[in-house]
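Working through the structure, step by step
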Amino acid sequence: MFPCASIASVTKRTVIVLAVLCASVSFHAAAPISYTFSFPEPQHRWMQVEATFPDVESGTLELRMSRSSPGRYSMHDFAKNVYDVHVFAGDGRELPTTRPDPYGWNVSGHGGRVTVKYKIYGDRVDGTYLGVDATHAHINMPAAVMWAHGLDDRPATVTFVPPAGKRWQVATQLHAGSSPLQFTAPNLQYLMDSPSEFGPVAVRQFMVDNHTFRFSLHHTGSDAELDGFVKDVEKIVRQERAVFGEYPMYEPGYYTFLADYLPWANGDGMEHRNSTVITAPASIATARADLLDTVAHEFFHCWNVERIRPRGLEPFDFDRANVSGELWLAEGFTQYYGPLALQRAQLTDIASTAATFGALIESVGPSPARLVRSAEEMSRMAPFIDGGRTVDRTNWSTTVISYYPFGGAIALALDLTLRGRSDGRLSLDDFMRAMWRNYGKPGGNREGYVDRPYTIDDAQATLAEVSGDRAFAHDFFSRYIQGHDAADYVPLLARAGFVVRKRHAARAWLGDFHVEARTGAHVAGLVAPTWPIYAAGLDQDDELQQVDGQRIGGDNDVAAVLQKHKPGDTVQIVYVNRTGAPQTASVTLAEDPHIEVVPAETAGTLTAAQKAFRDLWLGAK
């Protein structure tokens, strides 16, 4: 690359030579790829796309539809919704294509310029797909645009054409173009990471620390509801800034929330570099707390994962799924900080926060999956479980814990451990700030890229740096992240004035299985190896006929039998397996292991020391 910006430091003759060379480079720079989105029949849920690839090399141009989408870690194969594809050369000739695989169209003999026109169907409003109807177009770019191998660094323009008679506007993180309905992206990564809402959106704007935040909403509620909701969004934005000490630089000059709260939307949230998509089949009036929880989670991502990014996710690969062993941090720690921000912003009560902590602990502690896969290994399951669908049966209910609550439980343990061992001088906030300083804030040489993505070893080294104790950091990672231990949350939470207790103390328990009435009462799911009934050999689809001599017709019958017993009692089980052979076994009942977390003041007394610790942790920043 010629150092055009430093011309003034060289001789006059060199200036002339370099100026000519730089002008030549500029003159021969390849023109942007252009996309036009139009909607001849939005009521039928399809969009017309025209894409032009100018200044391409003379060989075969490999056009592709993405198989994956930024922030969603499984495969989606968006080519399935593409049809009526026509490709043209620069002189207007229609060109034949070959199909190297289900996701590609190869074009030769194009003369250096290719235009492709196609239709694409989309009827899902969420953080991954395309949703088109007569009210709006909700566009996630990987689900909508064809791109070409080898042109990753080519800029692009996107022009939106509204349906006839509609006065729609665009909300997006794309850069503003030459007209209100034209936008630009500096490269493919940024383009694909830029969802756009095209329709009758209502926009509210606020500023914090000279940073602009826009909330764009398509909904069925009132302006007053939106105004009040955005005031709460601002509280979240302020509290999450306090964790990192500053906001990132948002390249368009603002950060945009793209929300669709519509009866036909699907519940979802998806982070992007300078925006987020939040969709729900709900309204501000009916689901305010849940919607704010999603806002808090997704906004935290503008630091954690969008800029503090695992190496396995950088860059996103649109031909295949990325894999990362660090999603317990990228997603799981975010899962912890969302409710924490709500509490610090005083948008929830202490009992609800305690229940959230209890749910995180419950997801990990009693689960047999923790003994099968570590948090690191669970993260690598993302390509299979993050929105992916299977036809064959799996045993994931007993071998997989989502890295969201798994990582959230780890974050809770680490935060309280750091606070406890330092008498409140250190916290998880310090760890996140160090990760931001070391791996997020340095940014990238190209917009949309991260030059210093981290590894799990980097995260461990950062914990050692923050805590000042390499042995502690190694032990924590080896036990709770790369190992199979679960933290002891009872003393950790007790210091903050929370009680971890059995939800149903002294209640007899066979396991968390359910039976459904078919021809007889059949076990509806897998039986976990940590449940007492597992020893009987009973499993999915088997017909449970009797427990302790009582005929079983459903869950209520099982519950009635257990109410007559206590942990340690032995009962006889009679069932029929899939071969039709009757089986009999004796099972020793256990105590129901499920826990709950409650504030100490509701279970007894909150001491002054506990209140001080809690206020430092959960109080406004």
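Residues numbered from 1 in each chain as written. Predicted model: local features only at pLDDT ≥ 70, side-chain atom pairs only at ≥ 80, totals over all residues. Heavy atoms only, no water.

1. Overview of the overall build of the protein
Applicable threshold: Going along the chain from the N terminus, every DSSP run of H or I of four or more residues is numbered as a helix, and every run of E of two or more is numbered as a strand. Atoms considered for the radius of gyration are the C-alpha atoms alone. The globule rule reads 2.2 Å times the number of residues to the power 0.38. Working rule for contacts: check all heavy atoms of both residues, and any pair within 4.5 Å makes them a contact. For every accessible area listed, the method is Shrake-Rupley and the probe measures 1.4 Å; residues are considered covered only by the protein chains on display. For the purpose of charge, His is not counted, nor are the chain termini; Lys and Arg are scored as positive and Asp and Glu as negative. Positions of charges follow a simple convention, taking NZ of Lys, CZ of Arg, CG of Asp or CD of Glu.
On a plain count of helices and strands, the protein comes out with 17 helices and 30 strands. For the protein, whose C-alpha radius of gyration is 28 Å, the value lies close to the compact-globule estimate of 25 Å for 621 residues. The dimensions of the protein, computed from C-alpha atoms along their principal axes, are 90 × 60 × 50 Å. Within the protein, contacts between residues at least 6 apart in sequence are counted, and of these 69% link residues at least 24 apart. Only carbon and sulfur atoms are counted for the fraction: they give 51% of the accessible area of the protein, which is about 26,000 Å². Between the mean site of the 57 positive side-chain charges and the mean site of the 72 negative ones, the protein shows a separation of 4 Å.

2. Description of helix H12 (residues 456–467)
Filter applied, for reference: One fewer than the residue count of a helix, multiplied by 1.5 Å, yields its expected span. Burial here depends on accessible area, computed with a 1.4 Å probe over protein chains only, as a share of the maximum for the residue type. Under 20% is buried, over 50% is exposed, and the range in between is partly exposed.
For H12, built from twelve residues, the straight-helix expectation of 16 Å at 1.5 Å per residue is met to within 8% by its first-to-last C-alpha distance of 17 Å. Among all positions of H12, only Ile456, Asp458, Ala459, Gln460, Thr462, Leu463, Ala464, Val466 and Ser467 are buried. Residues of H12 that are buried in the fold lie against helix H5 (327–344), helix H7 (375–379), helix H10 (403–421), helix H11 (428–440) and helix H13 (470–481). With its phi angle positive at about 70 degrees, Gly468 sits one or two positions after the end of H12.

3. Considering the pattern of salt bridges
Put simply, the test is: By definition, a salt bridge exists where a carboxyl oxygen of Asp or Glu is found within 4 Å of a side-chain nitrogen of Lys or Arg.
Applying the stated criterion across every chain, the model contains 42 salt bridges. The partner of Asp223 in a salt bridge is Arg204, with the nearest N and O atoms 3.7 Å apart. Note that Asp223 is positioned in helix H3 (residues 223–244) and Arg204 in strand E16 (residues 202–208), a separation of 19 residues in sequence. Taking the shortest distance from any N to any O, the salt bridge between Arg204 and Asp227 comes out at 2.5 Å. Residue Arg204 is found in strand E16, and its partner Asp227 is found in helix H3; the two are separated by 23 residues along the sequence.

4. Some remarks on H11
The α-helix winds at 3.6 residues per turn, so residues separated by three or four positions along the chain end up facing the same way. Worth spelling out the cut-off: Under the rule applied, a polar contact is a pair of N or O atoms within 3.5 Å (in protein, one hydrogen donor and one hydrogen acceptor; residues adjacent in sequence only if both atoms are side-chain atoms).
The buried fraction of H11 is high, at ten of 13 residues. Within H11, the full set of buried residues consists of Leu428, Asp429, Phe431, Met432, Ala434, Met435, Trp436, Asn438, Tyr439 and Gly440. Buried-residue contacts for H11 involve H3, helix H4 (284–300), H5, H10 and H12. Near the N-terminus of H11, the side chain that reaches the backbone nitrogen of Asp429, with its oxygen 3.1 Å away, is that of Ser427.

5. Comments concerning the sheet that holds strand E17 (residues 211–219)
We apply this condition: In this scheme, strands are said to pair when DSSP sees at least two bridges between them. Axis geometry follows a simple rule: fit a line to the C-alpha atoms, using only the stretch in contact for helices, then measure angles between N-to-C directions, giving values from 0 to 180 degrees.
Ordered in space as E16-E17-E18-E20-E19, the five strands form an open sheet in which the pairing is mixed. In this open sheet, the two strands that pair with only one neighbour each are E16 and strand E19 (268–271). Within the sheet, the average angular offset between the axes of one strand and its neighbour, ignoring direction, is 15 degrees. Summarising the sheet, E16 and E17 pair through seven bridges and their orientation is antiparallel. Each residue of the ladder has a partner; that of Gln205, found in E17, is Arg214. Sheet strands in contact with H3 are E16, E17 and strand E18 (255–261), and its direction is about 30 degrees off that of E16.

6. A few points about the packing of aromatic side chains
Our working rule: We call Phe, Tyr and Trp rings a pair once their centres come within 6.5 Å, taking the six-membered ring for Trp, and we label the pair stacked below 30 degrees between planes, edge-to-face above 60, and tilted otherwise. By the criterion adopted, a ring carries a charge over it if an Arg CZ or a Lys NZ lies within 6 Å of its centre and within 35 degrees of its normal.
If you walk through the whole model with that rule in mind, you get 42 aromatic pairs. Centre to centre, the rings of Phe206 and Phe213 are 5.5 Å apart; their planes meet at 20 degrees, and the pair counts as stacked. By relative accessible area, Phe206 is classed as buried at 8%. Judged by relative accessible area, which is 0%, Phe213 ranks as buried. Judged by centre distance (6.0 Å) and plane angle (25 degrees), the ring pair of Tyr247 and Trp303 falls under stacked. On the criterion of sequence distance, the pair formed by Tyr247 in the loop between H3 and E18 and Trp303 in the loop between H4 and H5 is long-range, its members being 56 residues apart. Residue Tyr247 shares its accessibility class with Trp303, and that shared class is buried. Over the aromatic face of Trp105 sits the side chain of Arg99, whose NZ or CZ is 4.0 Å from the ring centroid. Above the face of the Phe88 ring, Lys117 is positioned so that its terminal group lies 5.3 Å from the ring centre.

7. Looking at the confidence of the model for the protein
For clarity, the cut-off: Every residue gets a pLDDT, meaning the predictor's confidence in that residue, from 0 to 100.
In the predicted model, the protein carries a mean pLDDT of 94, and 95% of its residues have values of at least 70. Every residue in residues 1–27 is under pLDDT 50, and counting partners more than four places away or in other chains gives ten contacts.

8. Regarding the environment of Phe183
Structurally, the position occupied by Phe183 is in strand E14 (residues 182–185). Among the residues examined, Phe183 registers a relative accessible area of 8% and is labelled buried. Spatially, the C-alpha atoms of Phe183 and Glu447 are 15 Å apart, while their sequence positions differ by 264 residues. Excluding anything up to four places from it in sequence, Phe183 contacts Ala156, Thr157, Val158, Phe160, Val170, Thr172, Leu174, His175, Ala176 and Gly177.

9. As for the sheet that holds strand E10 (residues 147–148)
Reading across from one edge, E6-E3-E10 is the order of the three strands in this open sheet, with antiparallel pairing throughout. Strands at the two margins of the open sheet, each flanked by one partner only, are strand E6 (104–107) and E10. Relative to E6, strand E3 (residues 61–64) runs antiparallel, the two being bridged by four bridges. Each residue of the ladder has a partner; that of Leu63, found in E6, is Trp105.

10. Quick word on the packing of H12 against H13
Spelled out, the test is: Oblique is the label for every angle not falling under 35 degrees (roughly parallel), over 145 degrees (roughly antiparallel), or within 65 to 115 degrees (roughly perpendicular). Each crossing is labelled by how the near helix is turned from the far one, with a counterclockwise turn of less than a right angle marking it left-handed and a clockwise turn marking it right-handed. Under this grouping Gly is polar, as are all residues other than the nonpolar Ala, Val, Leu, Ile, Met, Phe, Trp, Tyr, Cys and Pro and the charged Asp, Glu, Lys and Arg.
H13 packs onto H12 with a crossing angle of 135 degrees between their chain directions and a minimal axis gap of 8 Å. Taken together, the axes of H12 and H13 lie oblique to each other. When the axes of H12 and H13 are compared, the crossing they make is right-handed. Residues Ile456, Ala459, Gln460, Leu463, Ala464 and Ser467 of H12 form the contact with H13, whose own contacting residues are Arg470, Phe472, Ala473, His474, Phe476, Phe477 and Ile481. When the residues that make up the contact of H12 with H13 are grouped by side-chain class, the tally is nine nonpolar, three polar and one charged.

11. Observations regarding unusual backbone geometry
With an omega of -10 degrees, the peptide bond between Glu314 and Pro315 qualifies as cis. Mapped onto the fold, Pro315 is located in the loop between H4 and H5. Residues other than glycine seldom take positive phi values, yet Asp77 does so here, at roughly 50 degrees. Turning to its location among the elements, Asp77 is positioned in the loop between E3 and strand E4 (82–89).

12. A word on the side chain of Thr128
Looking at the element boundaries, Thr128 is found in the loop between strand E7 (114–121) and strand E8 (130–133). Taking relative accessible area as the criterion, Thr128 reaches 1% and is therefore assigned buried. In terms of polar contacts, Thr128 uses its side chain to reach the side chain of Arg72, at 2.9 Å.

13. Focus on the nonpolar core
Rules: Here, nonpolar core refers to any group of buried Ala, Val, Leu, Ile, Met, Phe, Trp, Tyr and Cys residues whose side-chain atoms link them within 4.5 Å.
One finds Tyr35, Phe37, Phe53, Phe215, Tyr261, Leu493 and Trp617 to be the most contacted residues of the largest nonpolar core, which totals 149 residues. Core analysis: the second largest hydrophobic core is formed by 25 residues, Ala508, Leu562, Ile573 and Ala585 among them.

14. Regarding the side chain of Thr279
With respect to the helices and strands, Thr279 occurs in strand E20 (residues 275–280). A relative accessible area of 2% places Thr279 in the buried class. Reaching out from Thr279, the side chain makes a polar contact with the backbone oxygen of Asn266 at a distance of 2.4 Å. If sequence neighbours within four positions are ignored, Thr279 has contacts with Val125, Asp126, His138, Asp260, Ala265, Asn266, Gly267 and Asp268.

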